[in-house]
Amino acid sequence: MQIEIIQWKPASGWSVPLSSITGPCDLAVYFAAGELMGSGEGPLAELRRAFPGAIAFGCSTAGEICNATVSEGTLSAALVSFKDTKVRGACVHVSSAEDSVKAGAELGRILSAPDLSHVIVLSDGLCINGSSLTASLRAALPRNVKATGGLAGDGARFHATFVGYNDDIGPGRVAAIGLYGDKVQVSFGSSGGWQPFGPKRRVTGSKGNVLYSLDDQPALALYKRYLGDRASGLPATGLLFPLQVLATQDSASGLVRTILAIDEAQQSLTFAGDVPEGQFVRLMKAGCDALVDGAGAAAGQASKRQMTGERLALLVSCVGRRLVMGQRVEEEIEAVLSKLGGDVQAAGFYSYGEISPASFSDECELHNQTMTLTVIGEQK
């Protein structure tokens, strides 16, 4: 397995000339600012032309990760050549969150095979219910196969997100690749670092990922009271105060949900994943040190599987973490790389949601506000 991490910046172009990269390329995973994906020309088109035999697979972001750095307005790519592992992928289109179940089931059906080892999925970050997508994908895949990945981003704008699979690039897409064979090695981890605060409130009105009421009070009005002056910046400021969803009032842990949109008329909040009626929610907050520790914990989970040789780490961290950390954001990337050790190269993005098995259930779930990473290697 050979890995080359490259980056394109508006002022300087490619970090290395594309023509200087020789040898086969099976997979080109890229993460780019949305404005670089909405045009038929530019660095993404150059990347496709330079490696016509590779599967090109990527999405728009709320920040691009290239090894230990975080940038905006750039394109980061990992070029991978496998020795024994095969790669196959697919892309489906969605027009609304109601298409999420069908999208996951279709991708699982296309990719399933006896030698399938792992699936990486990238989804539109706005017109999707990430909980339904991951549940249907999980049900369609062989029981021993896990999926990781994330939801595309659009900075803090929440206007349009893009996903690309080869020449099929645009909003309203969910794409996935499968890694096949018994030589590929994959490990993963996911952790947050956020701390709950305030009272637990019962979900008294919701439908899928839309929350209408908490303790029989309009959800948006109640949430605005917590945010105070920051409420005028919704939905972006909601990234600073996600909700923890608890199965019961006594549950010690649960999934974290981030706001994608608000509806003043209905006084509702739309999240990246489900907020089931009858369950409980609690506000969360975090400081920089806690988020860095959470990122290190995710890398610790991924390090439990021993690998040798070159490894690729695909990092998916939530845009809310980036907003909280500000100028210190690269500290969480450094925490991950220091835990993973040598022979690791990294590419990734800041997202609207992260996909990984949950540490408390081992089932593939949609997460928000976590650092989620997938480490890929190949046995010699």
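All figures in this text were calculated on a predicted structure; none of them were measured in a lab.

**Examining the sheet that holds strand E27 (residues 371-378)**
By way of backbone hydrogen bonds, the strands of a sheet pair with one another, either parallel or antiparallel.
Moving on, step 1. Spatially, six strands are ordered E6-E5-E24-E23-E27-E14 in an open sheet, and the strand pairing comes out mixed. Taken across any chain shown, the strands that pair with only one partner, and hence form the sheet edges, are strand E6 (69-71) and strand E14 (184-191). If you compare each strand with its neighbour and ignore which way they point, the axes differ by 15° on average.
Moving on, step 2. Summarising the sheet, strand E23 (residues 311-318) and E27 pair through six bridges and their orientation is antiparallel. Note that in E27 the partner of leucine 315 across the bridge is leucine 373.
Moving on, step 3. Packed on one face of the sheet, helix H5 (residues 288-302) meets E14 and E27 and runs near 150° to E14.
Moving on, step 4. In the packing of helix H7 (residues 330-340) onto the sheet, the strands contacted are strand E5 (64-66), E6, E23, strand E24 (344-351) and E27, and the crossing angle to E27 comes to about 35°.

**A short note on the packing of aromatic side chains**
Any two aromatic rings considered together are summarised by their centre-to-centre distance and by the angle between their planes.
Moving on, step 1. If you walk through the whole model with that rule in mind, you get three aromatic pairs.
Moving on, step 2. Seen in terms of ring centroids, phenylalanine 31 and phenylalanine 349 are 5.0 Å apart; in terms of plane orientation they differ by 20°. Their pairing is stacked. Note that phenylalanine 31 is positioned in strand E3 (residues 27-32) and phenylalanine 349 in strand E24, a separation of 318 residues in sequence.
Moving on, step 3. Given the relative accessible area of 3%, phenylalanine 31 is considered buried.
Moving on, step 4. Residue classification places phenylalanine 349 among the buried positions, given a relative accessible area of 0%.
Moving on, step 5. Above the ring of phenylalanine 197, the side-chain terminus of lysine 285 is found at 5.0 Å from the ring centroid.

**Describing the pattern of salt bridges**
Moving on, step 1. Scanning the model with the defined rule gives 12 salt bridges in all.
Moving on, step 2. A salt bridge links glutamate 72 to arginine 322; its shortest N-O distance comes to 3.1 Å. Of the two residues, glutamate 72 sits in the loop between E6 and strand E7 (75-81) while arginine 322 sits in helix H6 (residues 319-325), which places them 250 residues apart along the sequence.
Moving on, step 3. Put simply, glutamate 332 and arginine 321 hold a salt bridge, and the shortest N to O gap is 2.9 Å. Note that glutamate 332 is positioned in helix H7 and arginine 321 in helix H6, a separation of 11 residues in sequence.
Moving on, step 4. By relative accessible area, which is 0% here, glutamate 332 ends up buried.

Basis of the calculations
- Residues numbered from 1 in each chain as written.
- Predicted model: local features only at pLDDT ≥ 70, side-chain atom pairs only at ≥ 80, totals over all residues.
- Heavy atoms only, no water.
- Pairing = 2+ DSSP bridges.
- Helix = DSSP H or I, 4+ residues; strand = E, 2+ residues; numbered from the N terminus.
- Axes fitted to C-alpha atoms, helices over the stretch in contact; angles between N-to-C directions.
- Contact = heavy atoms within 4.5 Å.
- Phe/Tyr/Trp six-rings, centres within 6.5 Å; stacked < 30°, edge-to-face > 60°.
- Buried < 20%, exposed > 50% of the residue type's maximum accessible area, 1.4 Å probe, protein only.
- Lys NZ or Arg CZ within 6 Å of the ring centre and 35° of its normal.
- Salt bridge = Lys/Arg side-chain N within 4 Å of Asp/Glu carboxyl O.

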